[in-house]
Amino acid sequence: MSKFVDRVFSGVQPTGNLHLGNYLGAIKKFVAMQASHQCVYCVVDMHALTAWQDPTELAANTREVTAAFIAAGIDPKAHIVFNQSQVAEHAELAWIFNCVARMGWMNRMTQFKEKAGKDRENASVGLFAYPTLMAADILLYKATHVPVGDDQKQHLELTRDIAAKFNNDFGEQLERLGHGEQFFPMTEPLIEGPATRIMSLRDGSKKMSKSDASDLSRINLTDDADAIAKKIRKAKTDPAPLPDNVDDLAARPEADNLVGIYAALAETAKEQVIGEYGGREFSAFKPALADLAVDKLSPVNAEMRRLTDDPATVDATLREGAARAREIAAATMAEVRDIVGFIRG
Ligand code: TYM
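Keep in mind the model is a prediction, meaning the values are calculated, not measured.

(A) Representation of the packing of aromatic side chains. Applying the stated criterion across every chain yields a total of 15 aromatic pairs. Judged by centre distance (4.5 Å) and plane angle (10°), the ring pair of Phe30 and Tyr41 falls under stacked. Here the residue Phe30 occupies a position in helix H1 (residues 20-33), and Tyr41 occupies one in strand E2 (residues 38-43), the gap between them amounting to 11 residues. Each member of the pair, Phe30 as well as Tyr41, carries the same accessibility label: buried.

(B) Representation of the domain arrangement of the chain within the structure. Split by domain assignment, the chain resolves into domain 1 (7-196 + 311-340) and domain 2 (215-306). The straight-line distance from the C-alpha centre of domain 1 to that of domain 2 is 30 Å. Each partner contributes residues to the interface: domain 1 has 14 residues there, and domain 2 has 17 residues. Roughly 1,400 Å² is buried in total at the junction of domain 1 and domain 2, and carbon and sulfur atoms are behind 75% of that figure. Our enumeration of links across domain 1 and domain 2 arrives at 1 salt bridge. The residue Lys28 makes a salt bridge to Glu267 at a minimum N-O spacing of 2.5 Å. Summed over the shared surface of domain 1 and domain 2, the result is 3 residue pairs in polar contact (both at pLDDT 80 or more). Of all the elements, helix H3 (residues 55-72) adds the most residues to the side of domain 1 that touches domain 2, at 5 residues. A class-by-class count of the residues in the side of domain 1 that touches domain 2 yields 10 nonpolar, 2 polar and 2 charged.

(C) Examining the site of the ligand more closely. The immediate surroundings of the ligand are formed by 28 residues, with Gln13, Tyr130, Asp137, Asp151 and Ile198 found nearest. Within the contact set of the ligand, a nitrogen atom lies 3.2 Å away from a backbone nitrogen or oxygen of Gly21. Side-chain polar atom of Asn22 to an oxygen atom of the ligand: 3.1 Å apart, as the coordinates give it. Expressed as a share of its isolated accessible area of 720 Å², the protein-covered part of the ligand is 97%. Applying the majority rule of atoms within 2 Å of the grid points places the ligand in the largest pocket. Listing elements by their share of the shell around the ligand, those giving two or more residues are strand E1 (7-12), H1 and helix H7 (125-140).

(D) Fine view of the pairing of strand E3 (residues 80-83). Across the two faces of E3 the burial is the same, with Ile80 and Phe82 and Val81 and Asn83 all buried. As paired strands, E2 and E3 are joined by 4 bridges and run parallel to one another. Opposite Val40, over in E3, you have Ile80 as the bridge partner.

About the thresholds
- Residues numbered from 1 in each chain as written.
- Predicted model: local features only at pLDDT ≥ 70, side-chain atom pairs only at ≥ 80, totals over all residues.
- Heavy atoms only, no water.
- Phe/Tyr/Trp six-rings, centres within 6.5 Å; stacked < 30°, edge-to-face > 60°.
- Helix = DSSP H or I, 4+ residues; strand = E, 2+ residues; numbered from the N terminus.
- Buried < 20%, exposed > 50% of the residue type's maximum accessible area, 1.4 Å probe, protein only.
- Domains from an automatic or database assignment.
- Contact = heavy atoms within 4.5 Å.
- Buried area = accessible area lost by both parts, 1.4 Å probe.
- Salt bridge = Lys/Arg side-chain N within 4 Å of Asp/Glu carboxyl O.
- Polar contact = N/O pair within 3.5 Å; in protein donor to acceptor, adjacent residues only side chain to side chain.
- Nonpolar A, V, L, I, M, F, W, Y, C, P; charged D, E, K, R; others polar.
- Near = heavy atom within 4 Å.
- Areas by Shrake-Rupley, 256 points an atom, 1.4 Å probe, with all protein chains shown as cover.
- 1 Å grid on protein atoms, 1.4 Å probe; cavity = no way out; pocket = protein on both sides within 12 Å on 5 of 7 lines; lining within 4 Å.
- Sits in = over half its atoms within 2 Å of the grid points.
- Pairing = 2+ DSSP bridges.

Below you can see the structure in the form of structure tokens.
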């Protein structure tokens, strides 16, 4: 049996335009994990800073992600919701991990390559070191499970590599201090279900993204019913009706994406959706999808708006969450300081 308690950690960047991919790929899963796990959910404002953020917008976006968490059904009293920068131990452990991770590992990170683009010389050092901060987020809480979308898979593999190298490099010290062989757990990524990679509504080969220039490419969590319906009506499709078999979706990215969105919203499987809509035209499927999306997202949207209208309450929630997060983080960091040989007075 593992010595680690089952604990979930995950984070979302406050970089604006929270969308259906963030909701179905991450936030909706965060909600589901609460019944069975102790959960720590973080608005990663320090990660956001790896690209330029207007300070006023960063604060507003931090409150908006917090509001989305709560509106979606995360209970900040039973679990922990906070913003990363209020718990200084994240930065402290990230520094130690900067000294554990190897340049070769970091150079393989595809997200850095995508985000830095051609102008790599001009990317921030923070953008390059981003994954070590992410490993620190997770391991500070010795989290055993991390629900994320598919695009975070490589970062979670790196987190395991960092944990393993730390456990190994400091093996003798861990024995001496009575920690056994494993100080940090081998965190399990949770990347499953029909919505691990929601694609753009305008291009089935591109991920739905906050930064896409076309607002029609994504459903924002702040979109009203009319906007949601319009974006689904205008979503790119091919001319054929929906197939009778799920396997036939593989060659039809836009159809596959819409069926996946329907399945995730309805909390069912793609097979089920194809069972109901296989052979039907998009002119029949799209209105059903729009009704379902409006039905599921409108209450979240309304609650988000109510919460963002009351920033003082949101800030108090973050403050209380940070105080509880700090207790766990401080205990881990005290152990880490002893393990690496830092003197503490
Ligand atoms: P971020 O803020 O880009 O996205 C938040 C979550 O949404 C998921 N996601 C998607 N899922 C399905 N389809 C999509 N099109 C889609 N777009 C985004 C992401 O996979 C993510 O789960 N590095 C992280 C934040 C982070 C973190 C962590 C996550 C920082 N520290 C520790 C887990 C654990 C990020 O940039 O997510």
